[in-house]
Amino acid sequence: MARARALARLMTTTTRGVATTTTTTTTTTTARRRAMPMPMTMTMGRETVTRARASASRRAVREFTSLGRRGWDATSANATTNAATNAATNATTNAATNAATNAAMASAATRAMVRRMRSTMATTAQATPSMTLVVGGERATRRVAWWLGGGCAWVFSMVVLGGMTRLTRSGLSMTDWKFEYEHPPLTDEDWAKEFEKYKQSPEYKKSNLGMTVEEYKFIYWMEYGHRMWGRVLGLYFVAPLAYFASKGYVTSALAKRLGVFFVLGAAQGMIGWWMVKSGLEEQEFSYDVPRVSPYRLATHLTGAFTIYTGMLWTTLNVIYPVSPSQSAGASKALIDATKRLHRVVHPLAGLIGVTAISGAYVAGMDAGRAYNTFPLMGGRWIPEEYLDQWEQKGWRNFFENTAAVQFDHRVLALTTLASVSAVWLGHRNSTALHPRTRMLLHALLATTAGQVTLGVTTLLHHVPVELGSAHQAGALTLFTVVLALMHSLRGPKRLRI
Ligand code: HEM
């Protein structure tokens, strides 16, 4: 009985100390229950091994417990935490190996129990409750990951479709908005009615006088497609979620996140209409061509990037619940290299985000159709008109003055390229980094360079629809890469007991 208790204690302590998942807890509880009646057949030698094993494990776990809570920023806490994790795992794994040797001489029941214990330990070294979003094993995880990944691709396509709607000047074609399904005009009579409403809009009066109903149908379908694609995305989420929840795959943590995305998606639809409305009203800005408020366009684009970020992060959490430096076998060199890169990649991601938002002002002001030269603007490094509206508008000069908006976007983009290059140069030879992290670091440089080249080409060609859309897709691709890189650099602070 004493031997049984020692072994049971070991397993319980290990599970609590290293990490716990819902699945693991169940496995451990079962294993513990099964462990109780077992070791009547054990020898004294094995009892000693078991006790030593339990005490080594408890020591490691105590060390781990005291260090694990200090987090990523505490000096070398992560290294020690992992060392402790490793120690715990090694102690228990070594013990398991010893036990396996002994068990070879013992009964079949003992061998089975050791196998269960090993599998419990392997699992506990892999995931923590804070990271576990899906339950039900590998198949469930794979299915949910595909579904969430599909959702990310859907949001990506929404952003590109939205850009195409704007670039084809279709965004102001629908003059009202409903939260639920909008019925498109189907009969000639319906089309005539809809077109009549559009004729009252500033866009028709200022830019599209004489447009035919056939031409109107094209811009209408573009905007309608964008809106419906967003609504169907809501269904894409709700239907499989109900199915996966009924199968018991979805944890409450995942359900909460999905609920937040759903609310953000609905809010994004409303922001979209708030943006379109600004283009249907008499203009606050005296543009030649009526367009939506650049502030509202930037808000809409930021909303899209926010939803995309949350969904991508969640998908990555499902696919990779444990980052390289959180895994049980992480070496100190890997942890240190990860920490060094982690420190610089976060501000870099912020810079990429700010550059993208400044791009929304370029798009919102139609600033890409002026100063179509590079690197000079109007023959100068800094355009003469840069501060033209400063006296009149103050800080709004930087958001409403075409020259300032475009110049700032260029400067931010080139600063991003320079910063990414510097980070790449500093870390490209860091062989201690995980291969996935290194691959993403190289991809970051390639996508940034590609995006800058695409931006310049778009500008030099006066923003044709294809290049403008490709540039927008490029911004989201760059964002995807930097997010994936950040995700692979997560530190051990997420390890919780
Ligand atoms: C890291 C580099 C860059 C990023 C992340 C970026 C991002 C963006 C984003 C998100 C937009 C808004 C797209 C839209 O809402 O349709 C945009 C627009 C634009 N960007 Fe960039 N950009 C970068 C580099 C550049 C460069 C180097 C140039 C040229 C010098 C440039 C020129 C433009 C132009 C002309 C637009 C307006 C396109 C339109 O009207 O649709 N970009 N950029």
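Please read all numbers here as calculations on a predicted model, not as lab measurements.

How each quantity is defined
- Residues numbered from 1 in each chain as written.
- Predicted model: local features only at pLDDT ≥ 70, side-chain atom pairs only at ≥ 80, totals over all residues.
- Helix = DSSP H or I, 4+ residues; strand = E, 2+ residues; numbered from the N terminus.
- Buried ≥ 20, exposed ≤ 12 C-beta atoms within 10 Å, placed from the backbone.
- Contact = placed C-beta atoms within 7 Å.
- Expected span 1.5 Å × (residues − 1).
- Axes fitted to C-alpha atoms, helices over the stretch in contact; angles between N-to-C directions.
- Parallel < 35°, antiparallel > 145°, perpendicular 65-115°, else oblique.
- Left-handed = near helix turned anticlockwise from the far one by under 90°.
- Nonpolar A, V, L, I, M, F, W, Y, C, P; charged D, E, K, R; others polar.
- Near = placed C-beta within 6 Å.
- Domains from an automatic or database assignment.
- Core = buried A, V, L, I, M, F, W, Y, C linked by C-beta atoms within 7 Å.
- pLDDT = per-residue confidence, 0-100.

Trainee: Please give an account of the overall build of the chain that cites residues and values.
Mentor: On a plain count of helices and strands, the chain comes out with 17 helices and zero strands. Looking at the chain as a whole, 39% of its 497 residues are labelled buried. Long-range contacts, defined as pairs at least 24 residues apart, comprise 80% of the intrachain contacts of the chain with a sequence gap of at least 6.

Trainee: Explain helix α9 (residues 213-247) residue by residue, including any values.
Mentor: The terminal C-alpha atoms of α9 lie 50 Å apart, and with 35 residues this matches the ideal 51 Å at 1.5 Å per residue to within 8%. If you check which residues of α9 are buried, you get Ile219, Tyr220, Met222, His226, Arg227, Gly230, Leu233 and Phe244. Here the buried face of α9 lies against α6 (137-167), α7 (188-199) and α10 (252-280). Gly248 sits one or two residues past α9 and shows a positive phi near 85°.

Trainee: Before we move on, could you go through the packing of α6 against helix α17 (residues 465-488) and cite the residues and values that matter?
Mentor: The contact between α6 and α17 brings their axes to 9 Å, and the two run at 150°. On the basis of the axis angle, α6 is roughly antiparallel to α17. Note that α6 runs across α17; the crossing there is right-handed. Contacts from Phe156, Val159, Val160, Gly163, Met164 and Leu167 of α6 reach α17 at Val465, Gly468, Ser469, Gln472, Ala473 and Leu476. Across the contact of α6 with α17, the residue classes tally to eight nonpolar, four polar and no charged.

Trainee: Report on the site of the ligand, specifying residues and quantitative values.
Mentor: With respect to spatial proximity, 29 residues lie near the ligand, and among them Gly359, Gly368, Ala413, Gly455 and Ala475 are the closest. At the level of elements, α6, α12 (332-364), α15 (402-427), α16 (435-460) and α17 are the ones that each hand at least two residues to the shell around the ligand. Per-class residue counts for the shell around the ligand are 15 nonpolar, 13 polar and one charged. Two domains share the shell around the ligand, each providing at least three of its residues, namely domain 2 (134-321) and domain 3 (324-497).

Trainee: Outline the nonpolar core, supporting the account with residue identities and numerical values.
Mentor: In this structure, Tyr308, Met311, Val482 and Leu485 are the most contacted members of the largest nonpolar core, which totals 64 residues. Listing elements by their share of this core, those giving two or more residues are α6, α10, α11 (294-319), α12, α15, α16 and α17. The element that contributes the greatest number of residues to this core is α12, accounting for twelve residues. Apart from residues no more than four positions distant in its own chain, Tyr308 is found in contact with Cys152, Val155, Phe156 and Leu476.

Trainee: I'd like to hear about the confidence of the model for the chain, residue by residue, with values.
Mentor: The pLDDT averaged across the chain works out to 79; a share of 71% of its residues lies at or above 70. Long-range and interchain partners of residues 1-106, a stretch whose pLDDT sits below 50, account for 158 contacts in this model, where long-range means more than four residues apart.

Trainee: Account for unusual backbone geometry, naming residues and giving values.
Mentor: Between Phe374 and the following residue, Pro375, the backbone shows a cis peptide bond with an omega angle of 5°. Phi is positive for Tyr371, which is not a glycine, with a value near 50°. Within the fold, Tyr371 resides in the loop between α12 and α13 (390-393). If you check the backbone angles, Val463 has positive phi at about 55° while not being a glycine. For Val463, a count of 19 C-beta atoms within 10 Å corresponds to the partly exposed category.

Trainee: Describe the environment of Ser421, with residues and values.
Mentor: Looking at where Ser421 falls in the secondary structure, it is placed in helix α15. A sequence separation of 23 residues divides Ser421 from Leu444, and the C-alpha atoms of the two residues are 9.1 Å apart.

Trainee: Can you lay out the packing of α9 against α10 for me, pointing to particular residues and giving the numbers?
Mentor: Following both chains from N to C, one finds α9 and α10 inclined at 165°, their axes separated by 10 Å at the closest point. In this view, α9 runs roughly antiparallel relative to α10, as classed from their interaxial angle. Of the two elements, α9 crosses α10, and the hand of that crossing is left-handed. Packed against α9, whose contacting residues are Gly230, Leu233, Gly234, Phe237 and Leu241, the element α10 presents Leu258, Phe262, Gly265 and Gly269 at the interface. For the contact of α9 with α10, the per-class residue count stands at five nonpolar, four polar and no charged.

Trainee: Go over the environment of Leu348 with me, naming the residues and quoting the values.
Mentor: One can find Leu348 in helix α12. Look at Leu348 and you get buried, because 20 C-beta atoms sit within 10 Å. Distance in space between the C-alpha atoms of Leu348 and Val420 is 7.2 Å, their sequence separation being 72 residues. Setting aside its immediate chain neighbours within four residues, Leu348 contacts Ser419, Val420, Val423 and Val482.

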